[in-house]
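Residue-level structure breakdown
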Amino acid sequence: MISSIAAIGALPTIGGASETKNVAQPGDFLSLVNDALQGVSAQQASATSAEAGYAAGVPGATLGKALVASDRAEVSWNATVAVRNEVVSAYQAVMNMQF
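All values derive from a computational prediction rather than experimental measurement.

This part is about the overall build of the protein chain. Tallying secondary structure elements over the protein chain gives 3 helices and 0 strands in all. Along the protein chain, helices (α) and strands (β) appear in the sequence α-α-α when read from the amino end. The 99 residues of the protein chain split such that 17% are buried. For the protein chain, long-range pairs separated by at least 24 residues make up 65% of all intrachain contacts whose partners lie at least 6 apart in sequence. Looking at the protein chain as shown, the accessible area adds up to about 7000 Å², and 60% of this sits on carbon and sulfur atoms.

Encoded structure:
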């Protein structure tokens, strides 16, 4: 479970963002999830922009750049879905416990 939560923090950096972000405080799970989802959204927006730039014939926009951006967005999304599935599974396990 802990490795899944750690993976959420890694999501915004999948695209190679070099900006410095504030490190979430321990127990600030909502902030961590929000940052991860914003990172995924940024990856998807970047991919859309790269694809549109290539389709429009923008100088410097290449098919390779568009494909790489698209693959990064897909990996980010798949990682997010995998983490979500693990969190839901953990939640269901806790809810099925009998006290």
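So, next bit.
The N-to-C vectors of helix 2 (residues 29–56) and helix 3 (residues 63–95) enclose an angle of 155 degrees; their axes lie 8 Å apart at closest approach. Classified by the angle between their axes, helix 2 and helix 3 sit roughly antiparallel to one another. Both helix 2 and helix 3 take part in a crossing whose hand is left-handed. Here Leu37, Val40, Gln43, Gln44, Ser46, Ala47, Ala50, Glu51 and Tyr54 of helix 2 lie close against helix 3, whose contacting residues are Leu63, Lys65, Ala66, Ala69, Ser70, Arg72, Ala73, Ser76, Trp77 and Thr80. When the residues that make up the contact of helix 2 with helix 3 are grouped by side-chain class, the tally is 10 nonpolar, 6 polar and 3 charged.

Time to look at helix 2. The end-to-end C-alpha separation of helix 2 is 40 Å, in line with the 40 Å expected for 28 residues at 1.5 Å each. All of the buried residues in helix 2 are Ala36, Gly39, Val40, Gln43, Ala47 and Gly53. Remark: Gly57 follows helix 2 within two positions and exhibits a positive phi of approximately 80 degrees.

All right, on to helix 3 then. Given a rise of 1.5 Å per residue, 33 residues ought to cover 48 Å, and the 48 Å separating the end C-alpha atoms of helix 3 matches this to within 8%. Inspection of helix 3 places Ala66, Ala69, Ala73, Ser76, Thr80 and Val83 among the buried residues, and these make up the whole buried set.

With respect to the secondary-structure elements, Lys65 resides in helix 3. Residue classification places Lys65 among the exposed residues on the basis of a relative accessible area of 53%. Separated by 18 residues in the primary sequence, Lys65 and Ala47 place their C-alpha atoms 8.8 Å from one another. Engagement of the side chain of Lys65 in a polar contact is seen with the backbone oxygen of Gly60, the distance being 3.1 Å.

Before going further, it helps to spend a moment on a nonpolar patch on the surface. A cluster of nonpolar residues, Tyr91, Val94, Met95, Met97 and Phe99, forms a patch on the protein surface that exposes about 660 Å² of accessible area. With respect to the helices and strands, Met97 occurs in the segment after helix 3. Met97 gets classed as partly exposed once you look at its relative accessible area, which sits at 48%.

Right, let's talk about the confidence of the model for the protein chain for a bit. Of the residues in the protein chain, 73% have a pLDDT of 70 or more, and the chain-wide mean is 82. Taken element by element, the protein chain is modelled with least confidence in helix 1 (residues 2–10), mean pLDDT 46, and with most confidence in helix 3, mean pLDDT 95.

Rules used in this analysis
- Residues numbered from 1 in each chain as written.
- Predicted model: local features only at pLDDT ≥ 70, side-chain atom pairs only at ≥ 80, totals over all residues.
- Heavy atoms only, no water.
- Helix = DSSP H or I, 4+ residues; strand = E, 2+ residues; numbered from the N terminus.
- Buried < 20%, exposed > 50% of the residue type's maximum accessible area, 1.4 Å probe, protein only.
- Contact = heavy atoms within 4.5 Å.
- Areas by Shrake-Rupley, 256 points an atom, 1.4 Å probe, with all protein chains shown as cover.
- Axes fitted to C-alpha atoms, helices over the stretch in contact; angles between N-to-C directions.
- Parallel < 35°, antiparallel > 145°, perpendicular 65-115°, else oblique.
- Left-handed = near helix turned anticlockwise from the far one by under 90°.
- Nonpolar A, V, L, I, M, F, W, Y, C, P; charged D, E, K, R; others polar.
- Expected span 1.5 Å × (residues − 1).
- Polar contact = N/O pair within 3.5 Å; in protein donor to acceptor, adjacent residues only side chain to side chain.
- Patch = residues over 30% accessible without salt bridge, like charges linked within 9 Å, V, L, I, M, F, W, Y side chains within 5 Å.
- Salt bridge = Lys/Arg side-chain N within 4 Å of Asp/Glu carboxyl O.
- pLDDT = per-residue confidence, 0-100.

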